[in-house]
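Notes for the structure review
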Amino acid sequence: MICELCNAKCCKTFIVTITAFDLFRIAEHIKDYKKYVEIRKPDILNYDERFLIECKECHGLLAIKSHPCAFLKNNRCSIWPFAPMACKLYPYNIEGKMVKNPVCPFHAKILFKFKKPDKEIVERAKKENELYALIVREWNKKKGKRKDVFEFMIKRAKELSSIHRLV
Ligand code: SF4
Ligand code: SF4
């Protein structure tokens, strides 16, 4: 695996923003998931405004506590089978193209250029992003309390996963 050439540089470098679908999968496996996630101020470059969550006491993006990522253990992802789509895609973007200046070491960068992303993951991530934008819009209309955001996101992701046969 290409990432074995590296010591999880991406997991230490980036703030990992996630969608309600990523949160739903994480919550299915990790009971105390709230310890690992947050609504983070949008203090990062190039975020998608459709994903900006508003509530009475918050304004930000759904994210894993990062720097390094809270799920990184001994330089390995401890939740890889249900890791966020952005992690599954990196160093490719949602369009399936390599991101500009990936943080991967030189050799890994070259190998990733030839490998190409998994098409199924690209398609799934696109669909989930589209639906996530709808979920955020729904939430923002009612602007509920911060303590209810995670449950709302998980509930809607579960319902939409079933309707759109994403499970
Ligand atoms: S969830 Fe896993 S792959 Fe994603 S940043 Fe965290 S440790 Fe890395
Ligand atoms: S995606 Fe790149 S930076 Fe991240 S672990 Fe793999 S090789 Fe390292």
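Above: the structure in question.
For clarity, every value in this text was computed on a predicted model and none was experimentally measured.

Calculation criteria
Residues numbered from 1 in each chain as written. Chains lettered and ligands numbered in written order. Predicted model: local features only at pLDDT ≥ 70, side-chain atom pairs only at ≥ 80, totals over all residues. Helix = DSSP H or I, 4+ residues; strand = E, 2+ residues; numbered from the N terminus. Rg over C-alpha atoms; globule rule 2.2 N^0.38 Å. Buried ≥ 20, exposed ≤ 12 C-beta atoms within 10 Å, placed from the backbone. Contact = placed C-beta atoms within 7 Å. Near = placed C-beta within 6 Å. Nonpolar A, V, L, I, M, F, W, Y, C, P; charged D, E, K, R; others polar. Core = buried A, V, L, I, M, F, W, Y, C linked by C-beta atoms within 7 Å. Axes fitted to C-alpha atoms, helices over the stretch in contact; angles between N-to-C directions. Parallel < 35°, antiparallel > 145°, perpendicular 65-115°, else oblique. Left-handed = near helix turned anticlockwise from the far one by under 90°. Pairing = 2+ DSSP bridges.

A short note on the overall build of the protein chain
Across its full length, the protein chain carries 6 helices and 5 strands. Taken from N to C terminus, the helices and strands of the protein chain fall in the order α-α-β-β-β-β-β-α-α-α-α. For 167 residues, the compact-globule formula gives about 15 Å, and the C-alpha radius of gyration of the protein chain, at 16 Å, lands near that figure. Referenced to the eigenvectors of the C-alpha coordinate spread, the extents of the protein chain come out at roughly 50 × 30 × 30 Å. The 167 residues of the protein chain split such that 29% are buried. When contacts within the protein chain are restricted to residue pairs at least 6 apart in sequence, long-range pairs at least 24 apart make up 73% of them.

A word on the site of ligand 2
Ile-2, Cys-3, Leu-5, Cys-6, Ala-8, Lys-9, Cys-10, Tyr-90, Pro-91, Val-103, Cys-104 and Ala-108 make up every residue found near ligand 2. Within the shell around ligand 2, the residues separate by chemical class into 11 nonpolar, no polar and 1 charged.

A look at the nonpolar core
One finds Ala-20, Leu-23 and Leu-62 to be the most contacted residues of the largest nonpolar core, which totals 34 residues. Those elements that place two or more of their residues in this core are α1 (9-13), α2 (20-29), β3 (58-64), α3 (85-89), α5 (119-142) and α6 (149-163). Discounting residues that sit within four places of it in the chain, Ala-20 has contacts with Tyr-132, Ile-135, Met-153, Ile-154, Arg-156 and Ala-157.

A few points about the packing of α2 against α6
Running from amino to carboxyl end, α2 crosses α6 at an angle of 95°, the nearest separation of the two axes being 8 Å. In this view, α2 runs roughly perpendicular relative to α6, as classed from their interaxial angle. Only Phe-150, Met-153, Ile-154, Arg-156, Ala-157, Lys-158 and Ser-161 of α6 make contact with α2, whose side of the interface consists of Ala-20, Phe-21, Leu-23, Phe-24 and Ala-27. In terms of residue class, the contact of α2 with α6 is made up of 9 nonpolar, 1 polar and 2 charged.

Describing the packing of α5 against α6
Between α5 and α6, the shortest axis-to-axis distance is 10 Å and the interhelical angle comes to 135°. Accordingly, the angle class assigned to the pair α5 and α6 is oblique. Between α5 and α6 lies a crossing of right-handed hand. In this structure, α5 contributes Leu-131, Ile-135, Glu-138 and Trp-139 to the contact, and α6 contributes Val-149, Phe-152, Met-153, Arg-156, Ala-157 and Leu-160.

Considerations on the sheet that holds strand β1 (residues 37-40)
An order of β1-β3-β2 is seen for the 3 strands of this open sheet, with the pairing classed as antiparallel. In the strand order of this sheet, the two ends are held by β1 and β2 (53-55), each with one partner. Looking at each pair of strands side by side, their axes are set apart by 45° on average, direction ignored. Bridging between β1 and β3 involves 4 bridges; their strand directions are antiparallel.

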